[in-house]
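Each chain, letter by letter, is given below.
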Amino acid sequence: MNIRSYRPTDLEEWRRMRTLLWPDQTPEDMSTWAGRKDAITLVAERENGRLGGFAEIGRRECAEGCESGPVAYLEGWWVDDDLRRQGVGGALIRAGEEWARAQGYQELASDVELHNGVSQEAHEHLGFEEVARAVLYRKPL
C-alpha cells in the first residue's frame, strides 16, 4: 500500500470514498476542499493503482482540548471495508502527522460521532485522547 498526496487523476476514486463517508456531499464541497491551501488530502493507493482510503487534514484556529493553536485537524478519514484492520488507516494518519509537523503544528485534533464506535476505537488505537463529548440540539421555529 502506497500512501501519497492526492492527484487530480484520483478524482473518481476520491469521490467514491468521500460519498461513502459523507453521502450528502456536493461537488461544491469537494471543490472547496480541493481549493484549500492550508490542507492536504492523502490517499492509500492499492497495488493495482486504485485507491483504498484517504485522510483529509486541514487547519483550524482552535480545537476542543488542544493547548496550541492553530491546530491540524483530521477532517475526514476513510478506509475501504476490505482494507480495514490492516494498518492502512494508521499509515494514513502517520503520513498526516508528518505533514502536520512539517507545517509547524504541535497537535492533531479530530472528532467522531457518538454512535461511531469503530472510529472511536481506531482513533484511540492511534494515540488520540478523548477530550470531550457533546450532544447537539436543535429546535425548529
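About the criteria used
Residues numbered from 1 in each chain as written. Predicted model: local features only at pLDDT ≥ 70, side-chain atom pairs only at ≥ 80, totals over all residues. Heavy atoms only, no water. Helix = DSSP H or I, 4+ residues; strand = E, 2+ residues; numbered from the N terminus. Buried < 20%, exposed > 50% of the residue type's maximum accessible area, 1.4 Å probe, protein only. Pairing = 2+ DSSP bridges. Disulfide = S-S within 2.5 Å. Axes fitted to C-alpha atoms, helices over the stretch in contact; angles between N-to-C directions. Left-handed = near helix turned anticlockwise from the far one by under 90°. Contact = heavy atoms within 4.5 Å. Nonpolar A, V, L, I, M, F, W, Y, C, P; charged D, E, K, R; others polar. Arc of directions from axis to C-beta. Polar contact = N/O pair within 3.5 Å; in protein donor to acceptor, adjacent residues only side chain to side chain. Phe/Tyr/Trp six-rings, centres within 6.5 Å; stacked < 30°, edge-to-face > 60°. Lys NZ or Arg CZ within 6 Å of the ring centre and 35° of its normal.

Caption draft 1: Local environment of the environment of valine 135. Here valine 135 lies in the segment after α4 (117-125). A sequence separation of 21 residues divides valine 135 from leucine 114, and the C-alpha atoms of the two residues are 8.4 Å apart.

Caption draft 2: Geometry of the pairing of strand β4 (residues 71-79). Within β4, eight of the nine residues are buried, which leaves the element mostly enclosed by the surrounding structure. Where strand β3 (residues 51-60) and β4 come together, eight bridges link them in antiparallel fashion. When the bridges of β4 are listed, phenylalanine 54 appears paired with tryptophan 78.

Caption draft 3: A look at the state of the cysteines. Per the counting criterion, the structure on display carries zero disulfides. With no disulfide partner, cysteine 62 has as its closest neighbouring cysteine sulfur the one in cysteine 66, 8.7 Å distant. Note on cysteine 62: relative accessible area 59%, which makes it exposed. Given a relative accessible area of 22%, cysteine 66 falls into the partly exposed group.

Caption draft 4: Molecular detail of unusual backbone geometry. The amide bond that connects glycine 69 to the next residue, proline 70, takes the cis arrangement and shows omega of 0°. Unusually for a residue other than glycine, arginine 85 sits at a positive phi of about 60°. Note that arginine 85 resides in the loop between β4 and α3 (88-102). Accessibility expressed as a relative area gives 75% for arginine 85, which makes it exposed.

Caption draft 5: Up close: the packing of helix α1 (residues 11-21) against helix α2 (residues 27-34). For the pair α1 and α2, the least separation of the axes is 12 Å and the interaxial angle reads 115°. Here the hand of the crossing between α1 and α2 comes out right-handed. The residues of α2 that touch α1, namely those facing Leu11, Trp14, Arg15 and Arg18, are Asp29, Met30, Trp33 and Ala34. Looking at side-chain class alone, the contact of α1 with α2 contains five nonpolar, no polar and three charged residues.

Caption draft 6: Quick look at α1. Residues Glu13, Trp14, Met17 and Arg18 constitute the buried set of α1. With its buried residues spanning 130° around the axis, α1 presents them on a single face. Elements that come into contact with the buried residues of α1 comprise α2, β2 (40-45), β3 and β4.

Caption draft 7: Structural context of the side chain of histidine 123. Secondary-structure assignment places histidine 123 in helix α4. Exposure remark for histidine 123: the relative accessible area of 7% places this residue in the buried category. A polar contact of 2.7 Å, which involves the side chain of histidine 123, links it to the side chain of serine 110.

Caption draft 8: Highlighting the packing of aromatic side chains. Applying the stated criterion to the full structure yields three aromatic pairs. Across from the ring centre of tyrosine 73, 3.6 Å away, lies the NZ or CZ of arginine 60, which sits over that ring.

These figures come from the coordinates and say nothing about function on their own.
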